[in-house]
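In case you want the letters, here they are:
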Amino acid sequence: MDKIHSLTGMLDLYDDGDSNNLSVKIFEVEERIKKIFINYKLSEIRTPALEDTNLFKRATGDTSDIVNKEIYSFNDRNEKSIALRPEGTASVIRAIIEKKLDQSPHKIWYMGPMWRYERPQKGRYRQFYQAGVEILGYEEGPPEFEMISLVCSIIDEFMLEGCCIKINHLGNKISKQAFCDALVKFLEPFKDDLDSKDCERLLKNPLRILDSKNEHTQSILEKAPSIKDFLEPESIELLERIKEQFSDICSIEIDYSLVRGLDYYSGFVFEAISSNLGAQDSFLGGGRYDNLCSKLGGKDLPSIGMAIGIERFASLIEEVTVKNKIISFVTVTSNLEPKTYKIAHQLRTINRDVVLDTHLDSASLKAKLRRANKNNADYAIIIGEEELSSNTAIIKPLKDELKDQQTVSIDELLSFYKAI
Ligand code: HAM
């Protein structure tokens, strides 16, 4: 029979025990990032993977690539257009409005799969994972510092090298409009030199031209006006103060050409890139979006957020080191096995920090010990017929050849296990 394959651009993640495997790194990254989120007193939210397609159209804007060509949307059995979420922010704000929580501040985190119908390549998938943070209900200032502190903590936790956080400010309503007008005026004479995508951006969302991948457009933009000349002094000061505060922890650069691919951003924006990632070099991005909540039918809720691309981030980390002690529980009995299951159960109960690996087959002692070594076990606990009848067990150190194995009573075994 023909085999059924996974869909293009969608990965199966499986912990096969190889610490160099991307899946293993992804699981490790998720766990440690979660701890940092809790460390910042953020609360978890889980929203559905499927949403009304209009949510993303309204939130991310109809000039964004996400809505134009990347959205996974289809009609359900009721002919309603629904979409797999391409990002988390819109869903979080929808949920907060729906729960009538949009009058008060919130500090939120989430983690989960997102879907974008992109051309798959290294670091770009059709299903990928994001870890996101949204800080809702606070005006510009402290949340910007909190957000960059969080980004620095995450980069620092994994000791990532070759990273840079780029920051910019898109201005307030007036300065943003003045800059857009100046940009359009500058680009009008070059209209015929722009490709169709940039022409459309010129018409609908001129700021996004700064993000153009077209080299010719980028060469035209070299002489274009800079947003720096339109920003309020407070906005420039914010960028400079953030750079000053955190540059001894992480490399931070003010990049006045940084614009983000989603339409909801309204002020401070940022992205973290790594020179070790290749073409898809941005592993994290975010910014302020003060108008999104009201645009989705809620109250005015000044907000800022960010999301980490977990696959890209995980590909930057070195081999994962296992911190928990691993014990291999080796039984070599034939008919008395059930008793040993009880001992294994008891051991697991008294110390959940230790990993107890049981062998669920009747391989020989030699084969099981070989497996224990392969699985990186620190000790083997061996129970054979003799040990069972005398209520004892053998503790065999596997990583320290100078240490001898010893036979202990079950009570001593429990104490040893508890103290590891
Ligand atoms: P974004 O820049 O579209 O922002 O995505 C954030 C991160 O997700 C990117 O930096 C990248 O690492 C990762 N990413 C995006 N697309 C893919 C893909 N196809 N394959 C693998 N990784 C990908 C947002 O999504 C905003 N919601 C962030 C935000 C939260 N802004 C405010 N709050």
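See above for the structure.
Residues numbered from 1 in each chain as written. Predicted model: local features only at pLDDT ≥ 70, side-chain atom pairs only at ≥ 80, totals over all residues. Heavy atoms only, no water.

### A closer look at the pairing of strand E10 (residues 282-288)
- The buried fraction of E10 amounts to seven of the seven residues, a majority that puts the element mostly inside the structure.
- Here strand E9 (residues 268-274) pairs with E10 via five bridges, running antiparallel. Pairing of Ile273 across the sheet is with Ser282, part of E10.
- Across five bridges, E10 lies against strand E11 (residues 303-309) in antiparallel orientation. From the neighbouring strand, Leu284 faces E11, where its bridge partner is Ile308. (Buried < 20%, exposed > 50% of the residue type's maximum accessible area, 1.4 Å probe, protein only. Helix = DSSP H or I, 4+ residues; strand = E, 2+ residues; numbered from the N terminus. Pairing = 2+ DSSP bridges.)

### Observations concerning the sheet that holds E10
- One open sheet accounts for eight strands, arranged E1-E5-E6-E11-E10-E9-E7-E8; its pairing is mixed. Since the sheet does not close on itself, it has two edges, and those belong to strand E1 (43-44) and strand E8 (252-254), each with one partner.
- When strand E7 (residues 163-169) meets E8, the two strands line up parallel, connected through three bridges. Across the sheet, residue Ile167 finds its bridge partner in E8, namely Ile254.

### Some remarks on the pattern of salt bridges
- Inspection of every chain in the model, using the stated rule, returns 18 salt bridges.
- The salt bridge partner of Asp290 is Arg288, with a shortest N-O separation of 2.7 Å.
- Relative accessible area serves as the criterion here: at 1%, Arg288 is assigned to the buried category. (Salt bridge = Lys/Arg side-chain N within 4 Å of Asp/Glu carboxyl O.)

### Points about unusual backbone geometry
- Positive phi outside glycine occurs at Met159, with the angle close to 50 degrees.
- Tracing the sequence through the fold places Met159 in the loop between helix H5 (142-157) and E7.
- On the basis of relative accessibility, which here comes to 66%, the residue Met159 falls in the exposed class.
- Residue Asn376 is not a glycine yet carries a positive backbone phi of 65 degrees.

### Considerations on the side chain of Ser23
- With respect to the helices and strands, Ser23 occurs in helix H1 (residues 22-39).
- Beyond its immediate sequence surroundings of up to four residues, Ser23 is in contact with Asp12, Leu13, Tyr14 and Asp15. (Contact = heavy atoms within 4.5 Å.)

### Notes on the packing of helix H2 (residues 53-60) against helix H4 (residues 89-98)
- Relative to each other, H2 and H4 sit at 110 degrees, their axes nearing to 9 Å. With respect to each other, H2 and H4 are oriented roughly perpendicular. Seen from H2, the contacting residues are Leu55, Phe56 and Ala59; seen from H4, they are Ala90, Ser91 and Arg94.
- Here the residues of the contact of H2 with H4 sort into four nonpolar, one polar and one charged. (Axes fitted to C-alpha atoms, helices over the stretch in contact; angles between N-to-C directions. Parallel < 35°, antiparallel > 145°, perpendicular 65-115°, else oblique. Nonpolar A, V, L, I, M, F, W, Y, C, P; charged D, E, K, R; others polar.)

### Digging into the site of the ligand
- Near the ligand you find 26 residues, and of these Glu87, Glu118, Glu134, Arg260 and Tyr265 are the closest.
- Between the ligand and Glu87 there is a distance of 2.5 Å, counted from a nitrogen atom to a side-chain nitrogen or oxygen.
- Here a nitrogen atom of the ligand sits 3.2 Å away from a polar atom, N or O, in the main chain of Met306.
- With the chains in place, 95% of the 660 Å² that the ligand exposes on its own is no longer accessible.
- Looking at which element gives the most residues to the shell around the ligand, the answer is E10, with six residues. (Near = heavy atom within 4 Å. Polar contact = N/O pair within 3.5 Å; in protein donor to acceptor, adjacent residues only side chain to side chain. Areas by Shrake-Rupley, 256 points an atom, 1.4 Å probe, with all protein chains shown as cover.)

### Comments concerning helix H7 (residues 196-204)
- For H7, every residue scored as buried is listed here: Asp198, Arg201 and Leu202. The arc that holds every buried residue of H7, seen down its axis, measures 105 degrees, which confines them to one face. Of the residues in H7, the exposed ones pointing more than 90 degrees away from the buried face are Ser196 and Leu203.
- Structurally, H7 contributes buried residues whose contacts are with helix H3 (65-70), helix H6 (173-187) and helix H8 (215-221). (Arc of directions from axis to C-beta.)

### What to know about helix H13 (residues 365-374)
- For H13, the complete set of buried residues consists of Lys368, Leu369 and Ala372. For H13, the buried positions fall inside an angular range of 100 degrees around the axis, keeping them on one side. Pointing more than 90 degrees away from the buried face of H13 are the exposed residues Lys366, Arg370 and Lys374.
- Those residues of H13 that are buried are in contact with strand E12 (326-332), strand E14 (379-384) and strand E15 (392-397).
- Asn376 sits one or two residues past H13 and shows a positive phi near 65 degrees.

### Section: the environment of Asp15
- You can see Asp15 is positioned in the segment before H1.
- The partly exposed category is assigned to Asp15, whose relative accessible area is 43%.
- Taking the C-alpha atoms as reference points, Asp15 and Ile26, separated by 11 residues in sequence, lie 9.4 Å from one another.
- Asp15 has contacts with Ser23, Val24 and Phe27, leaving out every residue within four places of it along the chain.

### Regarding the packing of aromatic side chains
- Following the criterion strictly, the structure yields 11 aromatic pairs and no others.
- Ring centres of Phe268 and Phe270 lie 5.7 Å apart, and the angle between their planes is 35 degrees; on these two criteria the pair is classed as tilted. The pair formed by Phe268 and Phe270 is uniform in burial state, with each residue classed as buried.
- An aromatic cluster of three or more residues is present, and its members are Phe158, Phe283 and Phe313.
- The positively charged end of Arg126 is found above the aromatic ring belonging to Tyr117, 3.8 Å away from the centroid. (Phe/Tyr/Trp six-rings, centres within 6.5 Å; stacked < 30°, edge-to-face > 60°. Lys NZ or Arg CZ within 6 Å of the ring centre and 35° of its normal.)

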